[in-house]
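Close look at the chain arrangement
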Amino acid sequence: MPTPSEGETEKDFVSRCMAKRKQANGRLRKWRAEHKEHCSEWWRKYRETGKPREAMRKYQASEKGKAVRAKYRFTPKYRETARKNWRDRERKLRQEVLERFGAKCAICGYDGDIRALEIDHINNNGNIERKKMRHSEILKRALEHSEEYQLLCANCNRIKEYGELIVYA
Ligand SMILES: [Zn+2]
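Being a predicted model, the structure only gives us computed values, none of them experimental.

1. Side note on the overall build of the chain
Scanning the chain from N- to C-terminus turns up eight helices and two strands. Across the chain, helices and strands are ordered from the amino to the carboxyl terminus as α-α-α-α-α-β-α-α-β-α. Relative to the 2.2 N^0.38 estimate, which gives 15 Å for 169 residues, the radius of gyration of the chain is 27 Å and therefore markedly larger than a compact globule would have. Viewed in the frame of its principal axes, the chain has a C-alpha envelope of about 95 × 35 × 30 Å. Within the chain, buried positions represent 8% of all 169 residues. For the chain, the proportion of contacts with a sequence separation of at least 24, taken over those separated by at least 6, is 66%.

This is the structure:
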């Protein structure tokens, strides 16, 4: 612990400490920049232990974490950013799905408007999935198990969904 030297005011002492800390932080930052690979490897391994996630969960469940979250959660800026991040993630995910499956219907080949293309579970348990999974989760699963999914246009998807059942307009 540094101690104030003789004749040093408290204010001077504090600013001296701050400068020292800043210097140390700078050195650390520089070292990390020079050993990027080592650091990312370290982080990867550390993440695998589940400790950071655990710590995050613990903090979020603590009184302090809850208070901090409650304070920021409903500020307009937070909501705006959260909404934007969510939209970006969805758009990126959708784009990935379109690239993976080719942006056209697997049955009739429709490729007009991507808004009319839907992800379909080939083995017909889409309904069960929709009930317990969020849309983004289904898209993520489709990317991981692409052999189980296909892209269908809205028409082909409805026709497949109703199967033998005849529905008159
Ligand atoms: Zn189609």
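2. Thoughts on the pairing of strand β2 (residues 149-153)
Taken across its five residues, β2 has five buried, putting it largely inside the fold. Here five bridges tie strand β1 (residues 117-121) to β2, and the two strands are oriented antiparallel to one another. By the bridge assignment, His121 is partnered in β2 with Tyr149.

3. Here's the deal with helix α2 (residues 36-48)
With 13 residues, α2 extends 18 Å from end C-alpha to end C-alpha; this agrees with the ideal 18 Å at 1.5 Å per step. Once α2 ends, the next one or two residues include Gly50, with phi positive near 80°.

4. Some remarks on helix α5 (residues 76-101)
Here α5 contains 26 residues, and its C-alpha end-to-end distance of 37 Å stays within 8% of the 38 Å for a straight helix at 1.5 Å per residue. Little of α5 sits out of view: just two of its 26 residues are buried. Downstream of α5 by a residue or two, Gly102 has a phi angle that is positive, lying close to 75°.

5. Focus: the nonpolar core
Val97, Phe101, Cys105, Leu117, Ile119, Ala142, Tyr149, Leu151, Leu152, Cys153 and Cys156 form the largest nonpolar core, which has eleven residues in total. Those elements that provide at least two residues to this core are α5, β1 and β2. The element contributing the most residues to this core is β2, with four residues.

6. Observations concerning the packing of α5 against helix α7 (residues 135-144)
The geometry of α5 relative to α7 is characterised by a closest axis approach of 10 Å and an angle of 35° between their N-to-C directions. The two elements α5 and α7 meet at a crossing, and its hand is left-handed. Where α5 approaches α7, its residues Glu90, Leu93, Arg94, Glu96, Val97 and Arg100 are matched on the opposing element by Ser136, Leu139, Lys140, Ala142 and Leu143. In terms of residue class, the contact of α5 with α7 is made up of five nonpolar, one polar and five charged.

7. Topic: the confidence of the model for the chain
Scored by pLDDT, the chain comes out at a mean of 88, with 92% of its residues at no less than 70. Summarising per-element confidence for the chain, the mean pLDDT is lowest in helix α6 (residues 126-132) (67) and highest in helix α1 (residues 10-34) (94).

8. Comments concerning the environment of Leu151
Position of Leu151 among the secondary structure elements: in strand β2. The class for Leu151 is buried, based on 24 C-beta atoms found within 10 Å. In the structure, Leu151 is positioned 47 residues away from Lys104 in sequence and 6.7 Å away in space, judged by C-alpha atoms. Setting aside residues no more than four positions away along its own chain, Leu151 makes contact with Phe101, Lys104, Cys105, Ala106, Leu117 and Ile119.

Definitions and cut-offs
All residue numbers refer to position in the chain's written sequence, counted from 1. Thresholds applied to this predicted model are a pLDDT of at least 70 for local features of residues and 80 or more for the giving and counting of side-chain atom pairs; totals over whole chains, interfaces and linings are not thresholded and use all residues. Each helix is a run of DSSP H or I of at least 4 residues and each strand a run of E of at least 2, with the numbering of both proceeding from the N terminus. With C-alpha atoms as the basis for the radius of gyration, the globule rule is written as 2.2 Å multiplied by the number of residues raised to the power 0.38. Residue burial here comes from a neighbour count, namely the number of other C-beta atoms, placed from the backbone, that lie within 10 Å of the residue's own C-beta, with 20 or more meaning buried, 12 or fewer meaning exposed, and in between meaning partly exposed. Distance between backbone-placed C-beta atoms decides contact: two residues are in contact if it is within 7 Å. Pairing between two strands is assigned when DSSP locates at least 2 bridges connecting them. To estimate how far a helix should extend, the number of its residues minus one is multiplied by 1.5 Å. Each nonpolar core consists of buried Ala, Val, Leu, Ile, Met, Phe, Trp, Tyr and Cys residues. Their C-beta atoms, within 7 Å, join them into a set. Lines fitted to C-alpha atoms define the axes here, with helix axes fitted over just the stretch in contact, and angles between the N-to-C directions of these axes take values from 0 to 180 degrees. Throughout, a crossing is termed right-handed when the near helix is turned clockwise from the far one, and left-handed when it is turned anticlockwise from it by less than a right angle. As a working rule, the residues Ala, Val, Leu, Ile, Met, Phe, Trp, Tyr, Cys and Pro are called nonpolar, Asp, Glu, Lys and Arg charged, and the rest polar, with Gly in that last group. Every residue carries a pLDDT, the predictor's confidence in it, which falls somewhere between 0 and 100.

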